[in-house]
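Topology and contacts: notes
Chain residues, written in single-letter form:
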Amino acid sequence: MNSEKTYYIENLGCAKNQVDAEVMISALDSAGWIMTAQPSDASLIIVNTCGFIEPAKEESVDVLISFRDAFPDALIVAAGCLAQRYSDDLSESMPELDGIFGNNSVTMITDFVERLGAGNSQYVSVPALGELGEADFSRDDRYTVYRKTLLSGKSTAYVKLAEGCSNNCSFCAIPLIRGPVRSRPVESIVEEIKSLTSSGIKEINLVAQDLGSYGRDLDSDEGRGKCLLPRILGEIESIPGDFIVRMLYIHPDNFPDEILGICSSSSRIVPYFDIPFQHASAPILKQMNRKGDSAVYTALISRIRQALPGAVIRTTFLLGFPGERREDLEELERFISKAEIDWAGFFVYSPEEDTPAFDMESPRKLKKRAKTAQKHLDRLQQIQSDITASRLKHFYGTRQRLLVEEGVTGEDLYFCRAWFQAPEVDSLVVLHAEEGSLSPGAVVDAEITGINGIDPEARLI
Ligand code: SF4
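This text gives an overview of the structure that appears in the document.

Reading the values: rules and limits
- Residues numbered from 1 in each chain as written.
- Predicted model: local features only at pLDDT ≥ 70, side-chain atom pairs only at ≥ 80, totals over all residues.
- Heavy atoms only, no water.
- Near = heavy atom within 4 Å.
- Nonpolar A, V, L, I, M, F, W, Y, C, P; charged D, E, K, R; others polar.
- Salt bridge = Lys/Arg side-chain N within 4 Å of Asp/Glu carboxyl O.
- Helix = DSSP H or I, 4+ residues; strand = E, 2+ residues; numbered from the N terminus.
- Buried < 20%, exposed > 50% of the residue type's maximum accessible area, 1.4 Å probe, protein only.
- Arc of directions from axis to C-beta.
- Contact = heavy atoms within 4.5 Å.
- Pairing = 2+ DSSP bridges.
- Axes fitted to C-alpha atoms, helices over the stretch in contact; angles between N-to-C directions.
- Phe/Tyr/Trp six-rings, centres within 6.5 Å; stacked < 30°, edge-to-face > 60°.

Description of the site of the ligand
Around the ligand sit C165, N167, N168, C169, F171, C172, I174, P175, Q209, H251 and R290, and that is every residue in its neighbourhood. In the shell around the ligand, the residues fall into six nonpolar, four polar and one charged.

Structure follows, in C-alpha coordinates:
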(Lines give C-alpha, C1' and ligand atoms only; values in the text may rest on other atoms or scores of the structure.)
Protein backbone atom coordinates (compact mmCIF):
# COMPACT_ATOMS: atom_id res chain seq x y z
CA MET A 1 0.00 0.00 0.00
CA ASN A 2 2.61 2.62 1.18
CA SER A 3 0.38 5.51 0.01
CA GLU A 4 1.16 8.84 1.59
CA LYS A 5 -1.02 8.76 4.74
CA THR A 6 -0.34 5.28 6.05
CA TYR A 7 1.30 4.56 9.37
CA TYR A 8 2.45 1.69 11.55
CA ILE A 9 2.90 2.02 15.33
CA GLU A 10 5.18 -0.20 17.41
CA ASN A 11 4.32 0.10 21.09
CA LEU A 12 6.86 -0.67 23.85
CA GLY A 13 6.78 -0.37 27.65
CA CYS A 14 3.94 -0.24 30.14
CA ALA A 15 0.15 0.04 30.05
CA LYS A 16 0.34 3.81 30.47
CA ASN A 17 2.52 4.06 27.38
CA GLN A 18 0.07 1.83 25.53
CA VAL A 19 -2.78 4.24 26.25
CA ASP A 20 -0.66 7.03 24.75
CA ALA A 21 -0.16 4.92 21.61
CA GLU A 22 -3.92 4.33 21.41
CA VAL A 23 -4.56 8.08 21.79
CA MET A 24 -2.09 8.78 18.96
CA ILE A 25 -3.91 6.17 16.82
CA SER A 26 -7.22 7.83 17.65
CA ALA A 27 -5.87 11.25 16.65
CA LEU A 28 -4.20 10.05 13.43
CA ASP A 29 -7.26 8.07 12.34
CA SER A 30 -9.41 11.16 12.93
CA ALA A 31 -7.02 13.11 10.69
CA GLY A 32 -7.44 10.62 7.83
CA TRP A 33 -4.32 8.53 8.36
CA ILE A 34 -4.63 4.77 7.82
CA MET A 35 -3.01 2.34 10.25
CA THR A 36 -1.34 -0.68 8.64
CA ALA A 37 -0.81 -4.11 10.17
CA GLN A 38 2.65 -4.39 8.65
CA PRO A 39 5.45 -1.78 8.82
CA SER A 40 6.32 -2.59 5.21
CA ASP A 41 2.95 -1.09 4.14
CA ALA A 42 3.44 2.22 5.94
CA SER A 43 4.94 5.52 4.83
CA LEU A 44 5.31 6.52 8.48
CA ILE A 45 6.56 4.30 11.33
CA ILE A 46 6.15 5.47 14.94
CA VAL A 47 8.06 3.64 17.69
CA ASN A 48 6.42 4.43 21.04
CA THR A 49 9.52 3.89 23.13
CA CYS A 50 10.13 3.10 26.81
CA GLY A 51 12.80 5.00 28.73
CA PHE A 52 12.30 3.65 32.25
CA ILE A 53 15.38 1.49 32.88
CA GLU A 54 18.53 0.49 30.97
CA PRO A 55 17.29 -2.77 29.37
CA ALA A 56 14.10 -1.02 28.16
CA LYS A 57 16.10 1.88 26.74
CA GLU A 58 18.41 -0.50 24.89
CA GLU A 59 15.45 -2.37 23.45
CA SER A 60 13.88 0.90 22.24
CA VAL A 61 17.09 1.98 20.47
CA ASP A 62 17.46 -1.47 18.89
CA VAL A 63 13.89 -1.32 17.56
CA LEU A 64 14.46 2.17 16.11
CA ILE A 65 17.67 1.07 14.38
CA SER A 66 16.04 -2.10 13.00
CA PHE A 67 13.13 -0.14 11.49
CA ARG A 68 15.47 2.50 10.08
CA ASP A 69 17.54 -0.18 8.39
CA ALA A 70 14.60 -2.26 7.18
CA PHE A 71 12.47 0.59 5.78
CA PRO A 72 14.77 3.24 4.26
CA ASP A 73 11.90 5.01 2.46
CA ALA A 74 9.59 5.33 5.43
CA LEU A 75 9.56 8.26 7.85
CA ILE A 76 10.74 6.94 11.25
CA VAL A 77 9.61 8.68 14.45
CA ALA A 78 10.75 8.05 18.01
CA ALA A 79 7.88 8.79 20.40
CA GLY A 80 7.26 7.88 24.05
CA CYS A 81 9.40 8.00 27.18
CA LEU A 82 12.86 7.57 25.63
CA ALA A 83 12.10 10.44 23.23
CA GLN A 84 10.79 12.59 26.10
CA ARG A 85 13.73 11.87 28.38
CA TYR A 86 16.63 11.85 25.89
CA SER A 87 15.49 13.96 22.94
CA ASP A 88 18.84 15.77 22.63
CA ASP A 89 20.94 12.57 22.92
CA LEU A 90 18.65 10.80 20.43
CA SER A 91 18.78 13.67 17.98
CA GLU A 92 22.58 13.69 18.17
CA SER A 93 23.14 9.93 18.13
CA MET A 94 20.40 9.08 15.61
CA PRO A 95 20.31 11.83 12.95
CA GLU A 96 18.78 9.22 10.65
CA LEU A 97 15.47 9.51 12.54
CA ASP A 98 12.94 11.76 10.80
CA GLY A 99 11.28 12.88 14.00
CA ILE A 100 11.41 12.86 17.80
CA PHE A 101 8.06 13.37 19.53
CA GLY A 102 7.67 13.81 23.30
CA ASN A 103 4.86 12.20 25.34
CA ASN A 104 3.65 15.33 26.98
CA SER A 105 1.21 16.08 24.25
CA VAL A 106 0.32 12.88 22.44
CA THR A 107 -2.84 14.46 21.04
CA MET A 108 -0.61 16.82 19.05
CA ILE A 109 0.75 13.95 16.92
CA THR A 110 -1.33 15.02 13.92
CA ASP A 111 0.29 18.49 13.77
CA PHE A 112 3.68 16.87 14.32
CA VAL A 113 3.49 14.39 11.44
CA GLU A 114 2.37 17.15 9.05
CA ARG A 115 5.76 18.80 9.56
CA LEU A 116 7.85 15.67 9.12
CA GLY A 117 10.24 15.54 6.27
CA ALA A 118 10.03 19.30 5.66
CA GLY A 119 13.42 20.44 4.38
CA ASN A 120 14.75 16.92 4.79
CA SER A 121 15.81 17.73 8.33
CA GLN A 122 14.93 15.93 11.52
CA TYR A 123 11.88 17.43 13.28
CA VAL A 124 11.97 17.43 17.08
CA SER A 125 8.96 18.35 19.23
CA VAL A 126 9.44 17.58 22.89
CA PRO A 127 7.76 20.32 24.86
CA ALA A 128 8.94 20.48 28.44
CA LEU A 129 6.44 19.65 31.16
CA GLY A 130 3.94 22.41 31.77
CA GLU A 131 5.01 24.19 28.57
CA LEU A 132 1.81 23.20 26.83
CA GLY A 133 -0.90 24.52 29.12
CA GLU A 134 -4.25 23.32 27.77
CA ALA A 135 -2.95 20.72 25.38
CA ASP A 136 -1.82 18.52 28.23
CA PHE A 137 -3.04 14.91 28.69
CA SER A 138 -5.25 15.68 31.64
CA ARG A 139 -7.12 18.47 29.93
CA ASP A 140 -7.40 17.41 26.28
CA ASP A 141 -9.34 14.21 26.04
CA ARG A 142 -10.84 14.50 22.57
CA TYR A 143 -9.07 11.35 21.43
CA THR A 144 -8.74 9.68 24.80
CA VAL A 145 -12.43 9.28 25.54
CA TYR A 146 -13.26 7.79 22.17
CA ARG A 147 -10.35 5.45 21.50
CA LYS A 148 -11.55 3.00 18.89
CA THR A 149 -8.42 0.98 18.20
CA LEU A 150 -7.04 -0.72 21.30
CA LEU A 151 -3.72 -2.58 21.39
CA SER A 152 -4.81 -4.89 24.21
CA GLY A 153 -6.48 -8.25 23.61
CA LYS A 154 -10.14 -8.25 22.61
CA SER A 155 -12.80 -7.00 25.08
CA THR A 156 -10.25 -5.48 27.49
CA ALA A 157 -8.97 -1.94 27.81
CA TYR A 158 -6.67 0.16 29.97
CA VAL A 159 -8.07 3.47 31.22
CA LYS A 160 -5.49 5.99 32.41
CA LEU A 161 -6.71 8.14 35.33
CA ALA A 162 -3.73 10.42 35.68
CA GLU A 163 -0.40 11.32 34.18
CA GLY A 164 2.89 11.66 36.02
CA CYS A 165 3.83 10.99 39.62
CA SER A 166 4.73 13.07 42.67
CA ASN A 167 5.89 10.25 44.96
CA ASN A 168 9.52 10.62 43.90
CA CYS A 169 10.76 7.18 44.85
CA SER A 170 14.53 7.62 44.82
CA PHE A 171 15.16 4.87 42.22
CA CYS A 172 12.51 5.97 39.74
CA ALA A 173 12.87 8.07 36.59
CA ILE A 174 9.13 8.42 35.93
CA PRO A 175 8.76 11.85 37.58
CA LEU A 176 11.67 13.04 35.37
CA ILE A 177 9.89 11.79 32.24
CA ARG A 178 6.22 12.30 32.98
CA GLY A 179 6.35 15.10 35.57
CA PRO A 180 4.23 15.53 38.70
CA VAL A 181 0.81 13.88 38.99
CA ARG A 182 -1.93 15.44 36.82
CA SER A 183 -5.32 13.81 37.28
CA ARG A 184 -8.05 13.68 34.64
CA PRO A 185 -11.43 15.06 35.59
CA VAL A 186 -13.78 12.39 36.97
CA GLU A 187 -16.38 13.14 34.27
CA SER A 188 -13.91 12.51 31.44
CA ILE A 189 -13.00 9.08 32.86
CA VAL A 190 -16.63 8.09 33.38
CA GLU A 191 -17.43 9.21 29.82
CA GLU A 192 -14.57 7.11 28.50
CA ILE A 193 -15.64 3.99 30.39
CA LYS A 194 -19.22 4.44 29.15
CA SER A 195 -17.90 4.73 25.59
CA LEU A 196 -15.67 1.66 25.92
CA THR A 197 -18.24 -0.59 27.63
CA SER A 198 -21.01 0.41 25.24
CA SER A 199 -18.72 -0.69 22.40
CA GLY A 200 -18.35 -4.17 23.93
CA ILE A 201 -15.40 -3.89 26.33
CA LYS A 202 -15.87 -6.43 29.16
CA GLU A 203 -12.81 -5.66 31.28
CA ILE A 204 -11.57 -2.21 32.32
CA ASN A 205 -8.10 -1.96 33.89
CA LEU A 206 -7.67 1.35 35.70
CA VAL A 207 -4.05 2.53 35.51
CA ALA A 208 -1.88 5.43 36.57
CA GLN A 209 1.61 5.66 38.03
CA ASP A 210 -0.16 5.50 41.38
CA LEU A 211 -3.96 5.20 41.60
CA GLY A 212 -3.64 6.14 45.28
CA SER A 213 -2.62 9.63 44.17
CA TYR A 214 -5.56 10.03 41.79
CA GLY A 215 -7.34 13.32 42.34
CA ARG A 216 -5.04 14.65 45.07
CA ASP A 217 -4.03 17.49 42.69
CA LEU A 218 -7.65 18.40 41.87
CA ASP A 219 -9.94 20.86 43.64
CA SER A 220 -12.95 18.66 44.50
CA ASP A 221 -15.88 18.58 46.91
CA GLU A 222 -13.76 16.22 48.99
CA GLY A 223 -11.12 18.97 49.24
CA ARG A 224 -7.67 19.30 47.63
CA GLY A 225 -5.20 16.54 48.44
CA LYS A 226 -7.96 13.94 48.86
CA CYS A 227 -7.68 10.71 46.87
CA LEU A 228 -10.63 10.50 44.48
CA LEU A 229 -10.28 6.79 43.68
CA PRO A 230 -13.25 5.92 45.96
CA ARG A 231 -15.31 8.55 44.16
CA ILE A 232 -14.46 7.28 40.67
CA LEU A 233 -15.26 3.71 41.73
CA GLY A 234 -18.63 4.90 43.01
CA GLU A 235 -19.32 6.59 39.67
CA ILE A 236 -18.28 3.47 37.75
CA GLU A 237 -20.75 1.43 39.80
CA SER A 238 -23.62 3.40 38.26
CA ILE A 239 -22.58 2.80 34.64
CA PRO A 240 -24.93 0.29 32.96
CA GLY A 241 -23.50 -2.85 31.37
CA ASP A 242 -21.85 -6.19 32.07
CA PHE A 243 -18.16 -5.61 32.67
CA ILE A 244 -15.53 -5.90 35.38
CA VAL A 245 -13.07 -3.29 36.69
CA ARG A 246 -9.56 -4.00 38.01
CA MET A 247 -7.22 -1.47 39.70
CA LEU A 248 -3.51 -1.61 38.83
CA TYR A 249 -0.68 0.23 40.67
CA ILE A 250 -1.65 1.59 44.11
CA HIS A 251 1.34 2.89 46.08
CA PRO A 252 1.18 1.26 49.57
CA ASP A 253 1.81 4.59 51.30
CA ASN A 254 -1.28 6.06 49.56
CA PHE A 255 -3.66 3.10 49.79
CA PRO A 256 -7.19 4.52 50.32
CA ASP A 257 -8.93 2.05 52.67
CA GLU A 258 -12.36 3.45 51.65
CA ILE A 259 -12.14 1.43 48.43
CA LEU A 260 -12.41 -1.81 50.44
CA GLY A 261 -16.01 -1.11 51.39
CA ILE A 262 -16.87 -0.19 47.81
CA CYS A 263 -15.31 -3.40 46.50
CA SER A 264 -17.07 -5.57 49.09
CA SER A 265 -20.49 -4.31 47.98
CA SER A 266 -19.68 -4.39 44.25
CA SER A 267 -20.09 -7.28 41.81
CA ARG A 268 -18.13 -5.40 39.20
CA ILE A 269 -15.01 -4.00 40.90
CA VAL A 270 -12.90 -7.09 41.46
CA PRO A 271 -10.97 -7.49 44.75
CA TYR A 272 -7.63 -7.49 42.95
CA PHE A 273 -5.05 -5.15 44.46
CA ASP A 274 -1.76 -4.41 42.69
CA ILE A 275 0.39 -2.78 45.38
CA PRO A 276 4.12 -2.47 44.54
CA PHE A 277 5.78 -2.84 47.97
CA GLN A 278 9.28 -2.90 46.43
CA HIS A 279 10.88 -4.10 49.69
CA ALA A 280 10.04 -4.88 53.35
CA SER A 281 13.06 -3.60 55.23
CA ALA A 282 12.53 -0.17 56.84
CA PRO A 283 16.07 1.20 56.21
CA ILE A 284 15.93 0.24 52.52
CA LEU A 285 12.40 1.62 52.06
CA LYS A 286 13.53 4.84 53.72
CA GLN A 287 16.39 5.05 51.23
CA MET A 288 13.81 4.52 48.49
CA ASN A 289 11.89 7.52 49.87
CA ARG A 290 9.04 5.27 50.96
CA LYS A 291 7.39 5.25 54.38
CA GLY A 292 6.49 1.59 55.01
CA ASP A 293 8.09 -1.50 56.51
CA SER A 294 7.11 -5.18 56.88
CA ALA A 295 4.82 -4.48 59.85
CA VAL A 296 3.00 -1.64 58.08
CA TYR A 297 2.62 -3.67 54.89
CA THR A 298 1.51 -6.79 56.78
CA ALA A 299 -1.15 -4.68 58.50
CA LEU A 300 -2.34 -3.34 55.12
CA ILE A 301 -2.62 -6.87 53.73
CA SER A 302 -4.60 -7.97 56.83
CA ARG A 303 -6.99 -5.03 56.49
CA ILE A 304 -7.60 -5.96 52.86
CA ARG A 305 -8.14 -9.66 53.64
CA GLN A 306 -10.39 -8.86 56.61
CA ALA A 307 -12.61 -6.66 54.45
CA LEU A 308 -12.37 -8.99 51.42
CA PRO A 309 -11.42 -12.57 52.43
CA GLY A 310 -11.12 -13.66 48.77
CA ALA A 311 -8.97 -10.68 47.74
CA VAL A 312 -6.02 -11.24 45.41
CA ILE A 313 -2.86 -9.17 45.86
CA ARG A 314 -0.08 -8.55 43.37
CA THR A 315 3.20 -6.77 44.10
CA THR A 316 6.75 -6.18 42.89
CA PHE A 317 10.07 -6.32 44.74
CA LEU A 318 13.31 -4.55 43.93
CA LEU A 319 16.56 -6.23 45.06
CA GLY A 320 20.13 -4.92 45.04
CA PHE A 321 19.29 -1.37 46.10
CA PRO A 322 22.28 0.64 47.38
CA GLY A 323 23.12 -0.20 50.99
CA GLU A 324 21.12 -3.46 51.03
CA ARG A 325 22.52 -5.72 53.75
CA ARG A 326 22.07 -9.46 54.40
CA GLU A 327 19.59 -8.65 57.18
CA ASP A 328 17.49 -6.56 54.78
CA LEU A 329 17.22 -9.52 52.41
CA GLU A 330 16.39 -11.83 55.31
CA GLU A 331 13.66 -9.38 56.38
CA LEU A 332 12.29 -9.42 52.85
CA GLU A 333 12.31 -13.22 52.73
CA ARG A 334 10.45 -13.40 56.06
CA PHE A 335 7.87 -10.92 54.75
CA ILE A 336 7.33 -12.85 51.50
CA SER A 337 6.94 -16.16 53.36
CA LYS A 338 4.56 -14.67 55.95
CA ALA A 339 2.48 -12.34 53.73
CA GLU A 340 1.64 -15.05 51.20
CA ILE A 341 0.95 -12.60 48.38
CA ASP A 342 -0.80 -14.08 45.35
CA TRP A 343 1.37 -12.69 42.55
CA ALA A 344 4.78 -11.01 42.70
CA GLY A 345 7.37 -9.79 40.21
CA PHE A 346 11.06 -9.43 41.12
CA PHE A 347 13.61 -7.01 39.65
CA VAL A 348 17.25 -6.16 40.27
CA TYR A 349 17.89 -2.49 40.87
CA SER A 350 19.05 -0.60 37.76
CA PRO A 351 20.70 2.77 38.57
CA GLU A 352 18.98 5.55 36.62
CA GLU A 353 20.85 8.82 36.03
CA ASP A 354 19.37 11.98 37.54
CA THR A 355 17.41 9.96 40.10
CA PRO A 356 18.26 10.57 43.79
CA ALA A 357 19.53 6.97 44.22
CA PHE A 358 21.92 7.15 41.25
CA ASP A 359 24.92 8.37 43.22
CA MET A 360 24.16 6.44 46.40
CA GLU A 361 26.78 3.82 45.52
CA SER A 362 29.69 3.38 43.09
CA PRO A 363 29.04 1.47 39.84
CA ARG A 364 31.67 -1.12 40.86
CA LYS A 365 29.89 -1.76 44.19
CA LEU A 366 26.49 -1.83 42.49
CA LYS A 367 27.69 -4.35 39.94
CA LYS A 368 28.85 -6.67 42.74
CA ARG A 369 25.60 -6.11 44.59
CA ALA A 370 23.54 -6.92 41.48
CA LYS A 371 25.23 -10.34 41.27
CA THR A 372 24.32 -11.15 44.89
CA ALA A 373 20.84 -9.77 44.36
CA GLN A 374 20.27 -12.02 41.34
CA LYS A 375 21.05 -15.11 43.46
CA HIS A 376 18.62 -13.97 46.15
CA LEU A 377 16.08 -13.11 43.48
CA ASP A 378 16.12 -16.62 42.02
CA ARG A 379 15.52 -18.16 45.45
CA LEU A 380 12.79 -15.67 46.44
CA GLN A 381 11.08 -16.21 43.10
CA GLN A 382 10.98 -19.94 43.81
CA ILE A 383 9.51 -19.34 47.27
CA GLN A 384 6.94 -17.01 45.71
CA SER A 385 5.89 -19.36 42.93
CA ASP A 386 5.15 -22.05 45.56
CA ILE A 387 3.03 -19.49 47.41
CA THR A 388 1.23 -18.49 44.20
CA ALA A 389 0.51 -22.13 43.39
CA SER A 390 -0.92 -22.76 46.88
CA ARG A 391 -2.99 -19.55 46.82
CA LEU A 392 -4.47 -20.54 43.47
CA LYS A 393 -5.75 -23.77 45.02
CA HIS A 394 -8.52 -21.62 46.63
CA PHE A 395 -10.10 -21.44 43.18
CA TYR A 396 -10.22 -25.21 42.61
CA GLY A 397 -13.82 -26.32 41.97
CA THR A 398 -15.14 -22.73 41.75
CA ARG A 399 -17.23 -21.29 38.93
CA GLN A 400 -15.58 -18.37 37.17
CA ARG A 401 -16.29 -16.05 34.27
CA LEU A 402 -13.35 -16.27 31.87
CA LEU A 403 -12.23 -13.79 29.22
CA VAL A 404 -10.99 -15.78 26.20
CA GLU A 405 -7.61 -14.47 25.03
CA GLU A 406 -6.76 -16.96 22.27
CA GLY A 407 -7.27 -20.52 21.03
CA VAL A 408 -4.44 -23.05 20.68
CA THR A 409 -4.23 -24.07 17.02
CA GLY A 410 -4.87 -27.78 16.49
CA GLU A 411 -6.03 -28.26 20.09
CA ASP A 412 -9.38 -28.09 21.91
CA LEU A 413 -7.76 -25.57 24.24
CA TYR A 414 -8.02 -21.83 24.93
CA PHE A 415 -5.93 -19.45 26.99
CA CYS A 416 -8.22 -17.31 29.15
CA ARG A 417 -8.10 -15.01 32.18
CA ALA A 418 -10.29 -14.90 35.27
CA TRP A 419 -10.79 -11.80 37.45
CA PHE A 420 -7.81 -12.87 39.61
CA GLN A 421 -5.40 -12.65 36.64
CA ALA A 422 -4.31 -9.27 35.29
CA PRO A 423 -3.29 -8.95 31.62
CA GLU A 424 0.30 -9.62 30.62
CA VAL A 425 1.69 -10.18 34.15
CA ASP A 426 -0.23 -13.12 35.74
CA SER A 427 -0.76 -16.69 34.48
CA LEU A 428 -3.58 -17.86 32.21
CA VAL A 429 -6.42 -20.34 32.64
CA VAL A 430 -6.22 -23.28 30.21
CA LEU A 431 -9.82 -23.89 29.12
CA HIS A 432 -10.85 -27.16 27.49
CA ALA A 433 -13.34 -26.38 24.70
CA GLU A 434 -13.82 -27.44 21.10
CA GLU A 435 -11.43 -25.78 18.68
CA GLY A 436 -13.18 -22.98 16.75
CA SER A 437 -16.12 -22.81 19.15
CA LEU A 438 -14.97 -19.68 20.97
CA SER A 439 -13.61 -16.33 19.76
CA PRO A 440 -10.99 -14.10 21.40
CA GLY A 441 -12.79 -11.57 23.61
CA ALA A 442 -15.69 -13.87 24.45
CA VAL A 443 -16.70 -14.15 28.12
CA VAL A 444 -17.70 -17.67 29.18
CA ASP A 445 -18.75 -19.44 32.37
CA ALA A 446 -16.45 -22.23 33.46
CA GLU A 447 -15.49 -24.45 36.36
CA ILE A 448 -11.88 -24.57 37.60
CA THR A 449 -11.09 -28.28 37.39
CA GLY A 450 -7.38 -28.25 38.24
CA ILE A 451 -4.31 -26.15 39.12
CA ASN A 452 -1.08 -27.08 37.25
CA GLY A 453 1.68 -25.14 38.95
CA ILE A 454 0.41 -21.58 38.52
CA ASP A 455 -1.90 -22.34 35.55
CA PRO A 456 -5.51 -23.19 36.43
CA GLU A 457 -7.42 -25.56 34.15
CA ALA A 458 -11.12 -25.26 33.41
CA ARG A 459 -14.09 -26.68 31.53
CA LEU A 460 -17.14 -24.87 30.15
CA ILE A 461 -20.38 -25.06 32.16
S1 SF4 B 1 5.18 5.59 42.68
FE2 SF4 B 1 7.39 5.69 42.78
S3 SF4 B 1 8.01 3.97 41.46
FE4 SF4 B 1 5.91 4.41 40.94
S5 SF4 B 1 6.01 5.87 39.23
FE6 SF4 B 1 5.87 7.05 41.13
S7 SF4 B 1 7.97 7.55 41.66
FE8 SF4 B 1 8.01 5.83 40.20
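Here we look at the pattern of salt bridges
All told, the structure shown has 29 salt bridges when counted by the stated rule. E54 is paired through a salt bridge with K57; the nearest N and O atoms lie 3.3 Å apart. Highlighted residues: E54 and K57, both in helix α2 (residues 54-70), separated by three residues, approximately one helical turn. The partner of D242 in a salt bridge is R401, with the nearest N and O atoms 3.1 Å apart. Here R401 lies in strand β15 (residues 399-407) and D242 lies in the loop between α9 (229-237) and β11 (244-247), a separation of 159 residues in the sequence. Using a relative accessible area of 44% as the deciding quantity, one classes D242 as partly exposed. The class for R401 is partly exposed, based on a relative accessible area of 42%. Salt bridges sharing partners connect three or more residues here, namely D20, K160, E163 and R178.

Points about α9
Buried within α9 are the following residues: L229, P230, I232, L233 and I236. Buried residues of α9, viewed axially, fall in a sector of 165 degrees; they line one side. On its buried face, α9 sits against α8 (186-198), β10 (203-207), β11, α10 (258-264) and β12 (269-274).

Focus on the sheet that holds strand β17 (residues 429-432)
Overall, mixed pairing links the five strands, which are arranged β15-β16-β17-β19-β18 in a closed barrel. Neighbour to neighbour, the strand axes of the sheet diverge by 50 degrees on average, direction disregarded. Sheet topology note: the strand β18 (residues 443-452)/strand β19 (residues 455-460) ladder contains six bridges and is antiparallel. What sits directly across from G450, in β19, is E457.

Points about the packing of aromatic side chains
Counted under the stated rule, the structure contains 15 aromatic pairs. An angle of 65 degrees between the planes, with centres 5.9 Å apart, marks the rings of F255 and F273 as edge-to-face. Linking F255 in the loop between β11 and α10 with F273 in strand β12, this pair joins segments that are 18 residues apart in sequence. Judged by centre distance (3.8 Å) and plane angle (15 degrees), the rings of F395 and F420 are stacked. With a gap of 25 residues between them, F395 in the loop between α14 (363-392) and β15 and F420 in the loop between β16 (413-417) and β17 connect regions that are remote in the sequence. When its relative accessible area of 10% is taken as the criterion, F395 is described as buried. Judged by relative accessible area, F420 falls into the buried class, the value being 1%.

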